[in-house]
Structure formats: C-alpha cells, structure tokens
Amino acid sequence: MRLKAFIGAVLMTASVLFFTPFEASADTIELGPRPYFLVETLKDGALKNKLKSCADMTFKRTTFSIGHRGAAMMFAEHTAQSYQAAGRMGAGIIECDVTFTKDKELVCRHSQSDLHTTTNILKTPLADKCTKTFTPANGDQKASAECRTSDITLAEFKTLKGKMDAADNSATTLDDYMNSTANWRTDLYAASRGTVMTHKESIQLIKSMGAKFTPELKTPSVDMPFNGFSQEDYAQKMIDEYKAAGIPASDVWAQSFNLADIQYWIKHEPDFGKQAVYLYEGEEGFDPLKPETFKPSMTELKKMGVNYIAPALWIMVTTDKNGKIIPSPYAIEAKKAGLNMIAWTLERSGPLKTGGGWYYQSITDVTKDDGVMLELLDVLTKDVGIKGMFSDWPATVTYYANCMGL
C-alpha cells in the first residue's frame with residue numbers, strides 16, 4: 001500500500017512538472033558564456049580570428065548541433081530539463097536513448113541498467129525491485145547496485161527523478177554512492193527536479209522546440225525476446241511511435257550499435273532506414289589506422305544500404321609528424337565509400353589539459369588545453385566532412401556551426 005500511495009502521489013504532479021510555461025521555444029536561442037570562453041582558449045591564428053568575428057551575430061538553430069542526451073554536461077541526462085536546455089542552446093537535433101520497461105513501454109535512458117546512477121530510485125521504495133540492491137564497499141569489494149528499467153513498470157518509472165549520472169564505487173553509504181557528481185559537472189540544475197521522459201513525451205517536447213530527432217535503440221540488458229517482445233518488435237515499436245506522432249521520416253535519424261537493427265529498418269521501414277545511423281566505437285582488433293581491420297568494410301556497409309555512420313571522435317582523426325590533427329584512414333575510407341559521418345561526443349571529457357581521456361585517445365599528445373576542442377571540431381567539419389556533432393553542451397557546436405555557415 002505504501003508503494004502504491006507513493007506512486008499515486010507523484011503521478012498526480014507529473015503533468016505540472018513536465019510542461020512548464022518556460023519551455024524553450026523554436027525561436028529562443030541562448031548560448032551563454034561557454035563558447036566565448038572556449039574561443040579565447042584557442043591559440044592565436046585564423047580559426048580564433050574567425051570565431052571571434054562571430055561574437056555578436058544572431059544565432060539560429062542548426063541540425064549540425066546535436067544534443068547528446070540533451071545538455072548532459074550540467075543537466076540530468078534524458079530529462080525534460082536537459083532537452084529544454086539543449087533546445088535553448090540551438091540544438092537542431094536532440095537525442096532520446098530508447099529502452100523499455102517491465103510492461104514493454106519505451107522510455108528515454110542511456111542504458112536499460114542505469115537507473116541506479118541516473119535517478120533517485122535507490123532512495124525510493126522501488127529500490128526493492130532492482131535487479132541488485134545497493135551493497136556498500138567493504139574491503140576489496142566495491143560498492144554496487146543495478147536497477148533496470150525492465151525491473152519496473154512505466155507508471156513506476158514516471159515516479160522517479162533524474163539526477164546527474166554518477167556513482168562512487170568506493171562508497172560505504174548510499175548517500176556517498178549517489179552524491180558523486182564529477183567536479184567539473186554540477187548538481188545545480190538536477191538537485192530539485194529532473195523529469196524523466198517516456199519516448200512519446202520526448203517526441204512531443206522536441207517537436208515543440210522546432211528540433212528533430214535521433215533516437216538510439218539501446219542494447220537490452222535482458223535476454224531477448226523479453227516476455228514475447230522480440231528485438232524486431234522493439235525496433236519496430238520505436239519507429240511506430242514517430243509515425244503515430246505524425247513525424248516525417250526525414251526528421252528522424254534512428255541509431256543503433258547493432259547492425260542488425262539498421263538492416264531491419266532498411267528492409268522494413270525504408271523511409272526511416274535511409275537515415276538510420278550505424279554507431280561504432282571499435283571492437284577487439286580494430287585499428288582506425290588499418291583499413292584491413294574495418295569489419296564490415298566501408299564499401300560493404302554502403303552495399304547493405306547504410307548511408308550514415310557515427311564513430312567516436314578518436315576514430316576519425318590522428319596526427320601527422322608535425323602534431324597536426326588530420327583525418328584518419330577510417331574517415332578517409334568512409335568518405336570514399338560515400339558514407340555520411342556524424343561524430344560523438346564533444347563536451348564529455350571535462351577539462352582537456354591532461355589529454356582528454358577516451359574521446360581524445362588518438363590525439364592525446366596534442367591535447368593540452370580546452371582550445372583543442374574547437375581545433376578538433378574544425379578538422380572534423382572541414383577535412384573529415386561530418387554532417388553533425390553530438391555534444392553534451394550544444395551551445396559550443398551551435399556557435400561554431402553558425403559562425404561557419406553550416
């Protein structure tokens with residue numbers, strides 16, 4: 001009874017929390033100080049001069065700027081607030097990562113198994129339904145928990161609040177485990193409210209801001225089929241929700257790391273399949289400098305009907321003997337095969353003075369300050385020829401795209 005009362009109380013306020021009078025409109029573009037700060041960190045030269053010359057321009061929404069989980073650097077990912085922030089920053093495309101609940105309803109989460117790090121579930125009665133409840137660190141044993149969207153129903157999911165994605169594996173208390181946001185992020189916008197979203201709600205909110213859509217079909221944590229719900233059912237249901245909302249296929253870039261999902265859309269939903277995006281982050285034996293390790297090859301992907309690929313930043317670039325950032329053989333082969341490329345993810349690595357981490361691993365030696373972010377973006381745009389850039393803070397990409405006339 002206590003759980004039912006809890007769910008009921010939260011659901012009663014859901015409509016108040018979700019759509020507010022301060023939603024970003026299609027015409028409201030506000031970039032804030034960060035793009036200007038990053039321009040100042042660039043070394044003197046033509047790129048800095050060009051970007052500084054655009055400081056007073058009127059900025060417009062651009063599909064080159066893609067909100068990665070919304071504006072997840074400072075807003076709780078996949079919440080209404082995060083999507084609204086991305087819209088205000090001029091993101092022309094906003095991402096909902098799609099997974100499903102116990103009752104097979106689609107919701108926006110980066111993983112089916114991340115509720116323990118991205119929501120307050122561990123502090124609610126729903127914690128008892130988690131695949132693995134919180135266990136504190138003890139000696140060599142790390143703190144752990146696992147809460148899946150498939151552990152709970154849609155109604156239960158909607159009672160949760162989003163938080164900044166973080167967990168401290170050394171924590172001996174639940175508070176310490178949950179309250180561990182990286183010091184270059186913030187809890188300022190997530191501490192009091194983070195409205196979690198169904199996939200259908202995300203469509204309506206993103207549409208209301210004049211933006212387009214790039215849903216990613218997430219790999220399930222549960223075995224498929226799940227209670228009769230097959231992988232094909234899952235892939236179809238995601239597309240069906242756009243069709244039901246009257247969204248044209250030309251406004252949707254459906255993504256997946258699973259090539260079979262892309263092939264399903266190409267075959268069964270060809271209008272959506274034309275823009276389906278095959279995501280890639282490298283597998284065992286893969287080397288972006290060695291075309292013989294590209295499996296399938298770029299030509300093979302194109303023959304399958306794949307038109308868009310989205311590799312991680314580091315896969316598309318390398319450096320020459322003078323330390324200049326240049327396209328990698330992977331990017332060159334993709335371009336040669338006629339594949340459109342989208343890059344991920346800018347503004348996800350924190351300060352770059354120590355090399356930038358995973359996303360910058362192919363250019364670590366030249367990544368010494370935050371200005372490299374804009375240098376990399378410039379190479380990816382002009383030399384690699386990307387069609388769009390995912391960013392955890394879309395304002396940075398919006399500024400660049402407007403300045404370069406993209």
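Refer to the structure printed above.
Residues numbered from 1 in each chain as written. Predicted model: local features only at pLDDT ≥ 70, side-chain atom pairs only at ≥ 80, totals over all residues. Heavy atoms only, no water.

S.K.: Mind showing me how you'd approach the state of the cysteines here?
M.R.: Put plainly, two cysteines are in a disulfide when a covalent bond ties their sulfur atoms together. In the structure shown here, the tally under the stated rule is three disulfides. Disulfide pairing is shown between C54 and C403; the S-S distance is 2.0 Å. Because the sign of the S-S torsion sets the handedness, a value of about 70° for the bond joining C54 and C403 places this disulfide among the right-handed ones. Pair noted here: C54 is in the loop between α3 (46-52) and β1 (62-67) and C403 is in helix α15 (residues 395-403), with a separation of 349 residues, a long-range link. According to the relative accessible area criterion, C54 is buried, its value standing at 6%. A disulfide bridge connects C130 with C147, and the sulfur atoms are separated by 2.1 Å. Sign of the S-S torsion, about 100° for the bond between C130 and C147, identifies this disulfide as right-handed. Linking C130 in the loop between α5 (115-118) and β5 (132-135) with C147 in the loop between β6 (144-146) and α6 (154-157), this pair joins segments that are 17 residues apart in sequence. You can call C130 buried: its relative accessible area is 8%. Relative accessible area serves as the criterion here: at 0%, C147 is assigned to the buried category. Described in terms of the sequence order of its bonded cysteines, the disulfide pattern of the chain is 1-6, 2-3, 4-5. (Disulfide = S-S within 2.5 Å. Helix = DSSP H or I, 4+ residues; strand = E, 2+ residues; numbered from the N terminus. Buried < 20%, exposed > 50% of the residue type's maximum accessible area, 1.4 Å probe, protein only.)

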